[in-house]
Amino acid sequence: MNTLRQFSVLPGFGLSLGYTLVYLSLIVLVPISAIFIFTSQLSLSEYWQVVTSPRVMASYQLSFGTSFLAAAINAVFGVLLAWCLVRYSFPGKRIVDALIDLPFALPTAVAGIALTALYAQNGWLGQIIEGYFGIKVAFTPIGILIALVFIGLPFVVRTVQPVLEEIDTELEEAASSLGASRWQACHYVVLPVLLPAIMTGFALAFARAVGEYGSVIFIAGNIPMVSEITPLMIISKLEQYDYTGATAIASVMLIVSFILLLLINLLQSWTAKQTGRNA
Amino acid sequence: MSINVNNIHKQFGEFTALNDISLDFPSGELVALLGPSGCGKTTLLRIIAGLEQADHGDIILDGENASNTHVRDRQVGFVFQHYALFKHMTIFDNVAFGLRMKPKAQRPSESKIREKVLSLLHLVQLDWLADRFPAQLSGGQRQRIALARALAVEPRVLLLDEPFGALDAKVRKELRRWLRKLHDELHITSIFVTHDQEEALEVADRVVLMDHGKVEQVGTPEAVYNHPQTPFVYSFLGSVNVFHGRAEQEHLQVGNEQLRHHNEPYGYAEDVFAFARPHELKIVDNNHHEGVSARISRVLSFGIETKVELDGLNESSGQHYEVHLSQQQRKTQPLHIGQMVKLVPSALALFPRELETSAQAQRLSEQQG
């Protein structure tokens, strides 16, 4: 506790820490603990039964699996997008820049309906994809993946963009004057600096995707054991007035998400140490 | 290795950065590219390195045309003003970078790399910093590491872009002495860019003076300082006083005052710029028969010399002059602020005032003022 009392030129430590704790409690901790308190009405065996029923188990796999994959896809293509926006100037750049935030602004249900119309068997893209490749998109996990990629895109772009802007092109020039190829310069000089931002963007996109409901629900088709996402399981429990069942599933989602985000954070601070940023 | 620059031209939109430049850099010399900011010196250096492409003209490295060779194949070491060290790597990894990036067939073994990096760190006298990260080093140390990193790949040429520009005055002075020593040991052809005339004159074997995308003069530090060939060089190197006047016979007419110009008599009258170094001016009584009137505005008498700053009067009002007196002279001559005096040059360098140079020298005399 000594460190808390140390002299600092930045005033207001007590006030701001107090404010942070109160605010965080009111906005985040109280509602979340309500979930656990509500869940505790169930006995342990009842709880276990609810959260491990086959349909729910299938939904975990689907939700976390597609969210992870969608966040990974966004991590790759979000970096490419950010790269284009930072490094090149082209006509209409401002418009492209603004378009990236659109998935944020659009009501998720609208996005869901639009994507469903597009990828359904008789939709513009759905027709082509099913006709030529024989792949069904709408009402399958692939459809869910597309919706999650859509809503997660801005997270990676917006976290990587400012960091990329900060990287001096001199670093790459230095690398190539030392004989590094373009690929080597990107791999050894640019990527390590970008990695923490990419991981943050990945974590945000992942967290958002896990909790996403509106845009997924239309394109998913909600076939039991195939394309039911976990938030849907919660809603359907609610519709049956099974509140404790809903919060039970919610508590599992919360715990898993929290563990995954914590892991990503740990990984991030580990890479930071590896590259001397905390030293 | 020698470097030849042939008719290099570079345009940025409307702005001509380099206007048909041709220069030869003989093997083993340390050459300074000196000029005010925006004169094109950094652009020229970057074109030599291959970091920038000229609109036309050729870069010949060691007799071979390298104009279309990529920077990674030119074997030039480049040192940036802001070091450009890789922040996420240790000092050791930074210096080893160039060696590790070599294609597998040419890459030395890890133990050879280790040996080489340690010897380079020893050369720049920073072997004890191998495991640190760049953020933990001072500016001067970072720049020495940047130099070691550039030397690791055994470049044929070393190019330094304002290498000491971001350092404070004391470190700067230390480092430039150190760079000179290093060059004397390695004898690698080196070009460094600077806007600091003292730095250029002290360190370089030869100085290339540039202004507005053109080479103004090339020569040894002694030659360019003692025998400036253009008004630009005269005013850029060291402090200088300018008189705008008309030369006729043995006299220079400045407004309605007259001076002797100590040059060959002019057979015809011509508008000229007349330059005099601060020690080439004498302060005389206000009622002296010749000289340019001025008023003393400041007397700085620390150091070996006394510096007297004066404001021009009459025709030359708005103009500033600087005169250096030895302490001896200072003792025999009472000077006080606000005193009206006349300035008499013991030597003047005259340059005809053509239209083009006029604008240039005007700008420079403003800078000097």
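Just so it is clear, the model here is predicted, and its values are computed rather than measured.

### Description of the overall build of chain A
- A count of helices and strands for chain A gives 13 helices and zero strands.
- In chain A, the succession of helices and strands from N to C terminus is α-α-α-α-α-α-α-α-α-α-α-α-α.
- A total of 279 residues make up chain A; the buried ones form 41% of that total.
- Within chain A, contacts between residues separated by at least 24 positions form 74% of all contacts whose residues are at least 6 apart in sequence.
- In the structure as shown, chain A presents an accessible area of about 15,700 Å², 71% of it carried by carbon and sulfur atoms.
- Here chain A contributes 12 positive and 14 negative side-chain charges, whose respective centroids are spaced 3 Å apart.

### A few points about the confidence of the model for chain A
- The predicted model of chain A has a mean per-residue pLDDT of 88, with 95% of residues at 70 or higher.
- Across chain A, element-level confidence peaks in helix α3 (residues 54–87) of chain A with a mean pLDDT of 93 and bottoms out in helix α7 (residues 124–133) of chain A with 84.

### Remarks on the sheet that holds strand β11 (residues 241–249) of chain B
Residue and element names in this part refer to chain B.
- Reading across from one edge, β13-β12-β11-β14-β20 is the order of the five strands in this open sheet, with antiparallel pairing throughout. Pairing within the sheet leaves two strands with one partner each, and these edge strands are β13 (257–260) and β20 (349–352). Here the average twist between neighbouring strands, direction ignored, is 40 degrees.

### As for the packing of aromatic side chains
- Applying the stated criterion across every chain yields a total of 15 aromatic pairs over all chains.
- Measuring from ring centre to ring centre gives 4.6 Å for B:Phe86 and B:Phe97, while their planes differ by 55 degrees; the resulting arrangement is tilted. In this pair, B:Phe86 is assigned in the loop between β6 (76–79) and α2 (91–100) and B:Phe97 in helix α2, connecting sequence segments eleven residues apart.
- Looking at B:Phe97, the relative accessible area reads 2%, which means it is buried.
- Ring pairing ties together the aromatic residues A:Phe64, A:Phe68, A:Phe202 and A:Phe206, which thus form one cluster.
- Directly above the ring of B:Phe86 sits B:Arg149, whose terminal nitrogen or CZ lies 4.6 Å from the centroid.
- Above the plane of the ring of B:Phe273 lies B:Arg353, whose end atom (NZ or CZ) is 5.4 Å from the centre.

### Thoughts on the sheet that holds strand β17 (residues 305–312) of chain B
All names here are of chain B.
- The antiparallel open sheet is built from five strands, whose spatial order is β15-β19-β16-β17-β18. Both outer strands of the open sheet, β15 (281–284) and β18 (320–326), are each paired with one neighbouring strand and no more. Within this sheet the neighbouring strands show an average axis-to-axis angle of 45 degrees, counted without direction.
- By the bridge criterion, four bridges tie β15 to strand β19 (residues 340–345) in an arrangement that is antiparallel. Across the sheet, Lys282 pairs through a bridge with Val344, a residue of β19.

### Notes on the UniProt feature "domain: ABC transmembrane type-1" (unreviewed entry) in chain A
- The sites that carry the UniProt feature "domain: ABC transmembrane type-1" (unreviewed entry) are, in the present numbering, residues 60–264 of chain A.
- The span residues 60–264 of chain A shows a helical share of 81% and a strand share of 0%, and its end C-alpha atoms are spaced 19 Å apart.

### Let's talk about the side chain of B:Glu199
- Following the sequence through the fold, B:Glu199 ends up in helix α6 (residues 197–203).
- When residues no more than four places from it in sequence are discounted, the contact partners of B:Glu199 are B:Phe164, B:Arg172, B:Arg176, B:Phe192 and B:Thr194.

### Overview of the environment of A:Thr39
Residues and elements named next belong to chain A.
- By the secondary structure assignment, Thr39 is in helix α1 (residues 13–39).
- With a relative accessible area of 6%, Thr39 lands in the buried category.
- Along the sequence, Thr39 and Ala248 sit 209 residues apart, while their C-alpha atoms lie 5.3 Å from each other.
- A polar contact is formed between the side chain of Thr39 and the side chain of Thr247, at a distance of 3.4 Å.

### What about helix α8 (residues 141–166) of chain A?
- The end-to-end C-alpha distance of α8(A) is 38 Å, a good match for the 38 Å that 26 residues give at a rise of 1.5 Å each.
- At A:Gly152, α8(A) shows its strongest bend, of approximately 40 degrees, with the proline A:Pro154 following within four residues.

### Structural notes on the side chain of A:Thr140
Residues and elements named next belong to chain A.
- Within the secondary structure, Thr140 is located in the loop between α7 and α8.
- Using a relative accessible area of 16% as the deciding quantity, one classes Thr140 as buried.
- Of note is the side chain of Thr140, whose polar atom sits 2.6 Å from the backbone oxygen of Val137.
- Apart from the residues lying within four places of it in its own chain, the contact partners of Thr140 are Ile219, Ala220 and Ser227.

### Topic: the packing of helix α2 (residues 44–51) of chain A against helix α13 (residues 243–274) of chain A
Residues and elements named next belong to chain A.
- The geometry of α2 relative to α13 is characterised by a closest axis approach of 9 Å and an angle of 75 degrees between their N-to-C directions. If you check the angle between α2 and α13, you find them roughly perpendicular. Within the contact between the two elements, α2 uses Tyr47, Val50 and Val51 and α13 uses Gly245, Ala248, Ile249, Ser251 and Val252.
- Among the residues making up the contact of α2 with α13, the classes are represented as six nonpolar, two polar and no charged.

Criteria and thresholds
Residues numbered from 1 in each chain as written. Chains lettered and ligands numbered in written order. Predicted model: local features only at pLDDT ≥ 70, side-chain atom pairs only at ≥ 80, totals over all residues. Heavy atoms only, no water. Helix = DSSP H or I, 4+ residues; strand = E, 2+ residues; numbered from the N terminus. Buried < 20%, exposed > 50% of the residue type's maximum accessible area, 1.4 Å probe, protein only. Contact = heavy atoms within 4.5 Å. Areas by Shrake-Rupley, 256 points an atom, 1.4 Å probe, with all protein chains shown as cover. Lys, Arg positive; Asp, Glu negative; His and termini not counted. Charge placed at Lys NZ, Arg CZ, Asp CG, Glu CD. pLDDT = per-residue confidence, 0-100. Pairing = 2+ DSSP bridges. Axes fitted to C-alpha atoms, helices over the stretch in contact; angles between N-to-C directions. Phe/Tyr/Trp six-rings, centres within 6.5 Å; stacked < 30°, edge-to-face > 60°. Lys NZ or Arg CZ within 6 Å of the ring centre and 35° of its normal. UniProt positions renumbered as here; feature names shortened; annotations may be inferred. Polar contact = N/O pair within 3.5 Å; in protein donor to acceptor, adjacent residues only side chain to side chain. Expected span 1.5 Å × (residues − 1). Bend = angle between axes of the 7 residues up to and from the residue. Parallel < 35°, antiparallel > 145°, perpendicular 65-115°, else oblique. Nonpolar A, V, L, I, M, F, W, Y, C, P; charged D, E, K, R; others polar.

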